[in-house]
Amino acid sequence: MKFFVDTAEIADIKELNDLGMVDGVTTNPSLIKKSGRDILEVTKEICSIVSGPVSAEVTATDADQMIAEGRKLAEIAENITVKVPLTWDGLQACKVLSSEGKMVNVTLCFSANQALIAAKAGATFISPFIGRLDDINIDGMDLIADIRQIYDNYGFETEILAASVRTVNHVTQCALVGADVMTAPPAVIKSLANHPLTDKGLAAFLADIEKTGQKIL
Ligand code: E4P
């Protein structure tokens, strides 16, 4: 499963990228607002750090404007993925932009039918939002499993990009049900290394070596 990092914070992207944890980046208008940066400027900087797909989201709501914005975003770098919302206009923009050879991430997906039509419109990635479904007491992971089955049934090449990942359990479950990619905030990716038994075991080892008085350096 590929790891995308869901942020526009340069320091976090650099740190995770240096560790080989970043196969791509996803941003959205809220993350751009949080960064306090100019969308074009920060997106360009991200693309200079990460070689994998970098999703930058359009802000228009009608197809023609989305297409124009998508073309402008795609000029930033070769690894730009134009992110469009899963609306009828968004699907029209997806079809046009993907036909021009641009990568397109169709976002804000909350149903299997939405994922099906995004694939038919030529989406490179479909972004089902797990956490936001969990927030309304619907199991987001069931949606990932349904989309996996539908795409496999018909050989759709659209990659399932599990989004709105909020916990380490979401990451495990995404990998188990076969999401192609998951995107998570830096804190969630970093906390994948945590286990209380690792901390406990390390503390015991350090206490024992200290009792011997030995040092390696
Ligand atoms: C994905 O592309 C979105 O940017 C993101 O995962 C949304 O996550 P949230 O529901 O935690 O805001």
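The structure this text deals with has already been given above.
Analysis parameters
- In this convention, every chain numbers its residues from 1, walking through the sequence in written order.
- Only residues with pLDDT of at least 70 get local features here, since the model is predicted, and only at 80 or more are side-chain atom pairs given and counted; chain-wide, interface and lining totals rely on the full set of residues.
- In computing side-chain values, all of the structure's heavy atoms are included and hydrogens and water are not.
- Secondary structure elements are defined from DSSP: runs of H or I of at least 4 residues count as helices, runs of E of at least 2 residues count as strands, and each element is numbered from the N terminus.
- Helix span, expected: 1.5 Å multiplied by one less than the number of residues in the helix.
- Exposure categories follow from relative accessible area, calculated using a 1.4 Å probe and restricted to protein chains: below 20% of the type maximum is buried, above 50% is exposed, and the middle band is partly exposed.
- Arc definition: directions from the helix axis to the C-beta atoms.
- Any two residues whose heavy atoms approach within 4.5 Å at even a single point are treated as in contact.
- Pairing of aromatic side chains requires ring centres within 6.5 Å, counting the rings of Phe and Tyr and the six-membered ring of Trp. Pairs whose planes differ by under 30 degrees are stacked, by over 60 edge-to-face, and all others tilted.
- By salt bridge we mean one thing: a side-chain nitrogen of Lys or Arg within 4 Å of a carboxyl oxygen of Asp or Glu.
- Near, as used in this document, describes a residue that has one of its heavy atoms within 4 Å of the molecule or strand being considered.
- Counted as a polar contact is a pair of N or O atoms within 3.5 Å, where, for protein atoms, one must be capable of donating a hydrogen and the other of accepting one, and residues adjacent in sequence contribute only when both atoms are in side chains.
- Only the protein chains shown count as covering a residue, and every accessible area follows the Shrake-Rupley method with a 1.4 Å probe.
- All residues other than Ala, Val, Leu, Ile, Met, Phe, Trp, Tyr, Cys, Pro, Asp, Glu, Lys and Arg, Gly among them, are scored as polar; the first ten of these are nonpolar and the last four charged.
- Under this scheme, a helix contributes an axis fitted over its contacting stretch, all axes are lines through C-alpha atoms, and angles between N-to-C directions fall in the 0 to 180 degree range.
- Roughly parallel means an angle under 35 degrees; roughly antiparallel, over 145; roughly perpendicular, 65 to 115; everything else is oblique.
- Helix crossings are classified by the rotation of the near helix relative to the far one: an anticlockwise turn of less than a right angle makes the crossing left-handed, while a clockwise turn makes it right-handed.
- Strands pair, by our definition, only if DSSP identifies at least two bridges between them.

On to helix α4 (residues 63-74). Taking 1.5 Å per residue, 12 residues should reach 16 Å; α4 reaches 16 Å between its end C-alpha atoms and fits that length. Turning to α4, its buried residues are Ala-63, Met-66, Ile-67, Gly-70 and Leu-73. Relative to the axis of α4, the buried residues are bounded by an arc of 125 degrees and lie together on one face. Exposed residues lying more than 90 degrees from the buried face of α4 are Asp-64 and Lys-72. Those residues of α4 that are buried lie in contact with α3 (39-49), β3 (54-57), β4 (80-85) and α5 (88-99).

Turning our eyes to something else, we now look at the packing of aromatic side chains. Within the structure shown, the criterion is met by 4 aromatic pairs. Taking 5.7 Å as the distance between ring centres and 75 degrees as the angle between the ring planes, the aromatic pair formed by Phe-4 and Phe-125 counts as edge-to-face. Of the two residues, Phe-4 is situated in strand β1 (residues 2-6) and Phe-125 in strand β6 (residues 125-128); the sequence distance between them amounts to 121 residues. By relative accessible area, Phe-4 is classed as buried at 1%. A relative accessible area of 3% means that Phe-125 is categorised as buried.

Here the focus is the pattern of salt bridges. Tallied over the full model, the rule gives 11 salt bridges. Between Glu-57 and Lys-83 there is a salt bridge, and its shortest N-O distance comes to 3.7 Å. One end of the pair, Glu-57, is in strand β3; the other, Lys-83, is in strand β4, and 26 residues separate them in sequence. Just as Glu-57 is buried, Lys-83 falls in that class too.

Before going further, it helps to spend a moment on the site of the ligand. Taken together, the neighbourhood of the ligand is formed by Asp-6, Thr-26, Asn-28, Lys-83, Phe-129, Arg-132, Ala-163, Ser-164 and Arg-166. A distance of 2.8 Å separates an oxygen atom of the ligand from a polar atom in the side chain of Asp-6. In this structure, an oxygen atom belonging to the ligand sits 2.7 Å away from a side-chain N or O atom of Lys-83. The fraction of the free accessible surface of the ligand (340 Å²) that becomes covered by protein chains is 86%. Tallied by class, residues from the shell around the ligand come to 2 nonpolar, 3 polar and 4 charged.

On to the environment of Ala-74. Summarising the element assignment, Ala-74 is placed in helix α4. In sequence terms Ala-74 and Pro-186 are 112 residues apart; their C-alpha atoms lie 25 Å from each other. Among residues more than four places away in sequence, those in contact with Ala-74 are Ile-80, Val-82 and Lys-102.

A few words now on the packing of α4 against α5. The N-to-C vectors of α4 and α5 enclose an angle of 45 degrees; their axes lie 8 Å apart at closest approach. With respect to each other, α4 and α5 are oriented oblique. In terms of crossing hand, the pair formed by α4 and α5 is right-handed. Contacts between α4 and α5 involve Ala-63, Met-66, Ile-67, Gly-70 and Arg-71 on the former and, on the latter, Asp-89, Gly-90, Gln-92, Ala-93, Val-96 and Leu-97. Residues belonging to the contact of α4 with α5 are distributed by class as follows: 6 nonpolar, 3 polar and 2 charged.

The strand order around the closed barrel formed by 8 strands is β1-β2-β3-β4-β5-β6-β7-β8, and the pairing between neighbours is parallel. Here the strands of the sheet are splayed against their neighbours by 30 degrees on average, with no regard to which way each runs. The sheet contact formed by β3 and β4 spans 4 bridges and is parallel. Within β4, the position partnered with Val-54 by the bridge is Ile-80.

The next point concerns the packing of helix α1 (residues 10-18) against α3. Contact pair α1 / α3: the axes reach a minimum separation of 10 Å and the direction vectors enclose 10 degrees. By the criterion of interaxial angle, the relationship of α1 to α3 is roughly parallel. Mapping the contact onto sequence places Ile-10, Ile-13, Lys-14 and Asn-17 in α1 and Val-42, Glu-45, Ile-46 and Ile-49 in α3.

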